[in-house]
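# Summary of the model geometry
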Amino acid sequence: MSARVVRVVRGVLVALFVTPFALAIGLTVVDKYRRRGNRSKPFPRSAPANVEVEDGSVTVYTYGQDLYDAMLAAIDGAQHQIFFETYIWKSDEIGEAFKRALSAAADRGVQVYCIYDAFANLVVPPRFKRFPSNMSVLRFPIYNAGFRFWDFRHYGRDHRKVLVVDDTVAFVGGYNIGAPYATEWRDTHIAITGPAVWDLKRAFADFWNLHRRHRLRPSEQPLLLGAPTTWEAHIRLSRNTPRLMMFPIRAMYLDAIDRAGDHIWMTHAYFIPDQDFTESLAAAVARGVDVRILIPHRSNHIVADWISRGLYAQFLEAGIRIFRYQGAMVHAKTATIDGRWTTVGTANIDRLSLTGNYEINIEIIDENMAAAMEEIYRVDLTNAVELTREEWDGREWHRKITEFLLGPLRPLL
């Protein structure tokens, strides 16, 4: 092979590799510029919905301020122990309110344990990330692999959002901590009482013990919990743990989808399923199941939007219905199936969530809970527009080219 041919082949390969990344960077910069000063439009709100499930209850929150009020009230009422874990913890008035409440609880003798992701909070001022000595705080590191850079078990982010207060109540869902999420984002979180609280306590303690070494004061001891008082059948917890190569949330979804006989209604901020997941949804449509996916018309991550759009033709051809939420960011990660099965949690349907990050989802098998989630879904659909096959096929040529060029990035997200 001549030197000229080698140079041409090498140039083509470099272009194929560089072009998607360059385009992604360019789209992100342009999108940030266009969004300056933009505010979310008002969106329909659902009041907190409370459902009795076996020996406890589940309360569904779809408006951030309602959730934050309940979380802060729980922290203020804590008597023994608080476990608090978040992905993003902004230093604005909401973030400061949580920090003050946790510090006040520690001052009155409550054991307070906090975990936050360092990468997600890079832009948060260092001053905010200094905590009183009577609080135990684990900063999940930006880089966790050390010299074992080839070991992908250490690359997952801590994307979980959990609050557990005493043995009384546990919160989990999609909401981060910050003022924009209080009123401008549509998300979903749940508060749980009853025996299932122990499962979330155990999830926090296991994460703490797995990552505490070399990151905490020597005086910090492992978190030790007793055994659960019961095996809970109707509320189950699935948690992805990259360090242990455990990713049960994807399997949970696929099993539920394969069981569906009537409808599958899903809401996701970022929807980039792998081929097996897509084919599972398509098979459900083929057997007569009404499959609906509610996603933001424009999310806060434009590259994820474009990569997801590259799959729309396949979704629509299979009969999967796509609804795009208007005027505000929908950040929820939920699904309900056949009026019986529900999941709420932190995992999106993409590679990062399903086979990359630390995530938690709650699976609830209860008709009343499913009915409450279906009613929330109907309310959300009043602020959404369904995408038709004709509309999608008629989009501009430059959009089709952008989707094609960004396709190679799909396995990364």
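Here the structure is a predicted model, which means the values were calculated and not measured.

Looking now at the pairing of strand E4 (residues 111-117). Taken across its 7 residues, E4 has 6 buried, putting it largely inside the fold. Relative to E4, strand E3 (residues 81-86) runs parallel, the two sharing 6 bridges. The residue of E4 that forms the bridge with Glu-85 is Ile-115. Following the backbone out of E3, through helix H3 (residues 93-107) and into the adjacent parallel E4, one traces a crossover that is right-handed.

Here 8 strands make up an open sheet; going across it, the order is E9-E16-E15-E14-E10-E11-E12-E17 and the pairing mixed. For this open sheet the edge positions go to strand E9 (235-240) and strand E17 (384-387), each flanked by a neighbour on one side alone. Averaged over all neighbouring strand pairs, the angle between strand axes comes to 20°, with direction disregarded. Bridge count between strand E14 (residues 333-337) and strand E15 (residues 341-345): 4 bridges; the pairing is antiparallel. Residue pairing in the sheet places Thr-334 in a bridge with Val-344 of E15. The strands touched by helix H6 (residues 248-259) are E9, strand E10 (263-268), E14, E15 and strand E16 (359-365); relative to E9, the strand with the most contacts, the crossing angle is about 130°.

Structural remark: α-helix, 3.6 residues per turn; residues separated by three or four positions point the same way. Taking 1.5 Å per residue as the helical rise, helix H7 (residues 275-286) with its 12 residues ought to reach 16 Å, and the 16 Å between its terminal C-alpha atoms agrees with that figure. By the burial criterion, the buried members of H7 are Phe-277, Thr-278, Ser-280, Leu-281, Ala-284 and Val-285. Buried residues of H7, viewed axially, fall in a sector of 160°; they line one side. Elements that come into contact with the buried residues of H7 comprise H6, E10, strand E11 (290-296), helix H9 (312-318) and helix H10 (351-355). Sitting at the head of H7, Asp-274 places a side-chain oxygen 3.1 Å from the backbone nitrogen of Asp-276. Where H7 terminates, the next one or two residues include Gly-288, which has phi positive at roughly 95°.

Let us look at the pattern of salt bridges. Opposite charge on two side chains permits pairing when their charged atoms draw close. Enumeration according to the criterion identifies 20 salt bridges in this entry. When the shortest N-O distance is used, the salt bridge between Arg-157 and Asp-117 registers 3.1 Å. Placement of the pair is Arg-157 in the loop between strand E5 (136-140) and strand E6 (162-165) and Asp-117 in strand E4, with a sequence separation of 40 residues. As a salt-bridge pair, Asp-290 and Arg-292 come within 2.8 Å of each other at their nearest N and O atoms.

Here we come to the side chain of Lys-333. Looking at the element boundaries, Lys-333 is found in strand E14. One buried charged residue, Lys-333, forms no salt bridge at all, with the nearest opposite charge on Asp-187 at 5.6 Å.

Under the feature "domain: PLD phosphodiesterase" (unreviewed entry), the UniProt entry names residues 154-181 and 326-353. Between the first and last C-alpha atoms of residues 154-181 the distance is 29 Å; the span itself is 11% helix and 32% strand. As annotated, residues 326-353 has a helix share of 11% and a strand share of 43%, and its two end C-alpha atoms lie 24 Å apart.

Tracing the chain through its elements places Thr-62 in strand E2 (residues 56-63). A sequence separation of 120 residues divides Thr-62 from Ala-182, and the C-alpha atoms of the two residues are 10.0 Å apart. Discounting chain neighbours no more than four positions away, the residues touching Thr-62 are Ser-46, Tyr-175, Arg-186, Asp-187, Thr-188 and Ile-376. Separated by 3.1 Å, the side chain of Thr-62 and the backbone oxygen of Ser-46 make a polar contact.

Cut-offs applied
Residues numbered from 1 in each chain as written. Predicted model: local features only at pLDDT ≥ 70, side-chain atom pairs only at ≥ 80, totals over all residues. Heavy atoms only, no water. Buried < 20%, exposed > 50% of the residue type's maximum accessible area, 1.4 Å probe, protein only. Helix = DSSP H or I, 4+ residues; strand = E, 2+ residues; numbered from the N terminus. Pairing = 2+ DSSP bridges. Right-handed = clockwise from strand over helix to strand, strands pointing away. Axes fitted to C-alpha atoms, helices over the stretch in contact; angles between N-to-C directions. Contact = heavy atoms within 4.5 Å. Expected span 1.5 Å × (residues − 1). Arc of directions from axis to C-beta. Polar contact = N/O pair within 3.5 Å; in protein donor to acceptor, adjacent residues only side chain to side chain. Salt bridge = Lys/Arg side-chain N within 4 Å of Asp/Glu carboxyl O. Lys, Arg positive; Asp, Glu negative; His and termini not counted. UniProt positions renumbered as here; feature names shortened; annotations may be inferred.

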